[in-house]
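# Inside the fold
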Amino acid sequence: FPWIRLLYTYPTSLADEVLELLGREQSLVKYVDLPLQHVAKPVLRAMGRPGDYKATLGLISKIRTQVPQAFIRSSFIVGFPGETEEDFQELLRFLDEARLNHVGIFQYSPEEGSRAAAMEPQVPDEVKQERYEKAMAVQQRISRELNAELVGEEIDVIIDGLSEQSELVLLGRHYGQAPEVDGVVYLGMPENPPQVGDIVRVRILEAHEYDLVGEVVEQ
C-alpha cells in the first residue's frame, strides 16, 4: 500500500518511536490525528485527562520537529461542564499558537447517565453556541492561511472519484487530508482521466478554508 494513515493517536501514547517511524517510513503518510479535546488544565482534569496548555504545545512542537512535513488534525469540545471564559480563551490562544491544519470543534452535549451530565455548573446552550462560533472562526482563518501556502506547489493526490456536482470534476486528497473528515482537492478532468485509487501529481491553483483546487500535471 503506497499510503498508510495512522488515526486517533492518543496524545499520551504517541511515543518517540512512533514519530521516528512516521518520519522515515515512506508508506506512512505524514499525518497525525490527536484527539486533544481541550488544553485548559481544569477542563482536562474534569474530563479525566492529563496534560495542560504548555504540555500540549510541547507535543505539537515535538511532532513538527521529528516529522517536519506532518499535517496535524485534532478535535476540541467547547462548553464542557465547568468551562469558564478563561478556559475558553486559553483554547483560542492555543489554536492561534499551534496553527493545526485540521480542527473539529464540537459543543458539549450531556449524555444521560454519564458522569459529566451530573457535573455543575453546566454551560448554557447559548454560551456553548457563541464559543463554538468563535473557535470555528479562528480555525477557519488559520486553515485558509495554511491552505494558501500550498498554492503553486505540486503535490501527490489520490483520486477518490467524480464530484457529485459535475462529471467533469474529479475529487482527490493529498496526504494531509484524511477521508471524510478533512477537505478535498477538486481537479478539472484531464485528457486521460486517472482511475479511482491512482496517485497523481497535481499543481494547486486555489485555496479555500477546507478545500483546494488543482490540475493534474503528470500521472
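Quick caveat: nothing in here was measured; it's all calculated off a predicted structure.

Parameters at a glance
Just so you know, the residues in each chain are numbered from 1, in the order the chain's sequence is written. Residues qualify for local features only when their pLDDT is at least 70, as the model is predicted, and side-chain atom pairs are given and counted only at 80 or more; totals for whole chains, interfaces and linings, by contrast, use all residues. Processing note: side-chain calculations cover all non-hydrogen atoms of the structure and skip hydrogens and water entirely. Should DSSP find at least two bridges between two strands, the strands are regarded as paired. For the purposes of this entry, the term helix denotes a DSSP run of H or I that reaches at least four residues, the term strand denotes a run of E that reaches at least two, and both are numbered from the N terminus. Angles run from 0 to 180 degrees between N-to-C directions of axes, and those axes are lines fitted to C-alpha atoms, restricted for helices to the stretch in contact. Residues enter a nonpolar core if they are buried and are Ala, Val, Leu, Ile, Met, Phe, Trp, Tyr or Cys, with the set joined through side-chain atoms within 4.5 Å. To sort residues, take the accessible area from a 1.4 Å probe on protein chains only and compare it with the maximum for the residue type: under 20% means buried, over 50% means exposed, and anything in between is partly exposed. Residues count as neighbours in contact if any of their non-hydrogen atoms are within 4.5 Å of one another. Here a crossover is taken to be right-handed if, once the strands point away from the viewer, the path from the first strand over the helix to the second is traced clockwise. Charged residues are defined narrowly, with Lys and Arg counted positive, Asp and Glu counted negative, and His plus the chain ends left uncounted. Salt bridge, as used here: a side-chain nitrogen of Lys or Arg that lies within 4 Å of a carboxyl oxygen of Asp or Glu. Pairing of N or O atoms within 3.5 Å defines a polar contact, subject to two protein rules: one partner must be a possible hydrogen donor and the other a possible acceptor, and residues neighboring in sequence count only if both atoms are side-chain atoms. Any angle between 65 and 115 degrees counts as roughly perpendicular, while under 35 counts as roughly parallel, over 145 as roughly antiparallel, and the rest as oblique. Two helices that cross are described as forming a left-handed crossing if the nearer one is turned anticlockwise from the farther one by less than a right angle, and a right-handed crossing if clockwise.

So, about the sheet that holds strand β4 (residues 154–162). What the five strands build is a closed barrel, ordered β4-β5-β6-β8-β7; its pairing is mixed. Strand-to-strand twist in this sheet, taken as the mean axis angle between neighbours without regard to direction, amounts to 55 degrees. As paired strands, strand β5 (residues 169–174) and strand β6 (residues 185–188) are joined by four bridges and run antiparallel to one another. By the bridge assignment, V169 is partnered in β6 with G188.

Our focus in this paragraph is the nonpolar core. Within the largest apolar cluster, 32 residues are counted, with the highest numbers of intra-cluster contacts made by L34, I63, F76, F94 and L100. In this view, F76 contacts L36, Q37, H38, V39, L91, F94, L95, L100, V103, G104, I105 and F106; residues no more than four positions away in its chain are not counted. Core analysis: the second largest hydrophobic core is formed by 16 residues, F71, L187, V200 and V202 among them.

Another aspect to go through is unusual backbone geometry. Here the bond from E120 into P121 is cis, since omega is -5 degrees, no more than 30 degrees from zero. As for its position among the elements, P121 is in the loop between β3 (102–107) and α5 (125–148). Backbone geometry at Q37 places phi at a positive 75 degrees, although glycine is not the residue there. Following the sequence through the fold, Q37 ends up in strand β1 (residues 31–37). If you check the backbone angles, E180 has positive phi at about 75 degrees while not being a glycine. Its place among the elements puts E180 in the loop between β5 and β6.

With that settled, the discussion passes to the pairing of β3. Working note: regular strand, side chains alternate between the two faces of the sheet. Relative to β3, strand β2 (residues 71–78) runs parallel, the two sharing six bridges. Directly across from R73, in β3, lies its bridge partner H102. Between the parallel pair β2 and β3, the chain is carried across by helix α4 (residues 85–98), and the sense of this crossover is right-handed.

What follows is about the side chain of D33. The residue D33 is located in strand β1 in this model. No salt bridge forms around the buried D33; measuring N to O, its nearest opposite-charge neighbour R73 is 5.2 Å away. Within the structure, the side chain of D33 is placed 2.7 Å from the backbone nitrogen of Y8, a separation counted as a polar contact. The contact partners of D33, leaving out residues within four places of it in the chain, are L6, L7, Y8, T9 and R73.

As a further point, take the packing of helix α3 (residues 53–66) against α4. Helix packing for two helices is described by the angle between their axes and how far apart those axes are. Where α3 contacts α4, the axes come no closer than 11 Å and their chain directions differ by 15 degrees. By the angle class used here, α3 and α4 are roughly parallel. In this structure, the crossing between α3 and α4 has a hand that is right-handed. Contacts from Y53, T56, L57, I60 and R64 of α3 reach α4 at E90, R93, F94, E97 and A98.

Glancing now at the pattern of salt bridges. Tallied over the full model, the rule gives 15 salt bridges. We note a salt bridge from K134 to E130, for which the minimum N-O separation is 3.2 Å. Residue K134 and its partner E130 are both found in helix α5; the two are separated by four residues, about one turn of the helix. Salt-bridge contacts for E145 lead to R141; the nearest nitrogen and oxygen are separated by 3.8 Å. Of the two residues, E145 and R141 are both situated in helix α5; the distance of four residues between them amounts to about one turn of the helix. Exposure remark for R141: the relative accessible area of 28% places this residue in the partly exposed category. One network of salt bridges, with partners in common, ties together D96, R99, R141 and E145.

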